[in-house]
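Report on the structure
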Amino acid sequence: QLSSSPQVNLIPYNPTDATPEYRRATEANTSRFMATLRGAGVLTMVRRTMGDDIAGACGQLVRQQERFFASRRRAGEEG
């Protein structure tokens, strides 16, 4: 039986050079947001951070590959 209660996993962002416009929320901001959600009856958990060393989260590797191949295409057009 599926739960009818909403559940939210908060996943800290892994910052990379590929996306300098984004940064990870502070622990204090994450805790406040989690408290707000829990206060509204939403089961909320913060996921453990993994993949910082390889930028391995939520499409970051894909974005790095896209930039890599775009730069190779540009180099091929110039050469």
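About the thresholds
Residues numbered from 1 in each chain as written. Predicted model: local features only at pLDDT ≥ 70, side-chain atom pairs only at ≥ 80, totals over all residues. Heavy atoms only, no water. Helix = DSSP H or I, 4+ residues; strand = E, 2+ residues; numbered from the N terminus. Expected span 1.5 Å × (residues − 1). Buried < 20%, exposed > 50% of the residue type's maximum accessible area, 1.4 Å probe, protein only. Arc of directions from axis to C-beta. Contact = heavy atoms within 4.5 Å.

1. Some thoughts on helix H1 (residues 27–39)
Relative to the 18 Å expected for 13 residues at 1.5 Å per residue, H1 spans 18 Å between its end C-alpha atoms, a close match to the ideal helical length. Turning to H1, its buried residues number three or more, namely Thr 30, Met 34 and Leu 37. On an axial view of H1, the arc spanned by its buried residues comes to 60°, and they lie on one face. Exposed residues lying more than 90 degrees from the buried face of H1 are Arg 32, Thr 36 and Gly 39. Where H1 is buried, its residues contact strand E1 (7–10) and strand E2 (43–46). Gly 41, located one to two residues past H1, shows a positive phi value of around 85°.

2. What to know about the environment of Gln 7
Structurally, Gln 7 is set in strand E1. Residue classification places Gln 7 among the exposed positions, given a relative accessible area of 54%. Expressed as a C-alpha distance, the spacing of Gln 7 and Arg 38, which sit 31 residues apart in the sequence, is 9.7 Å.

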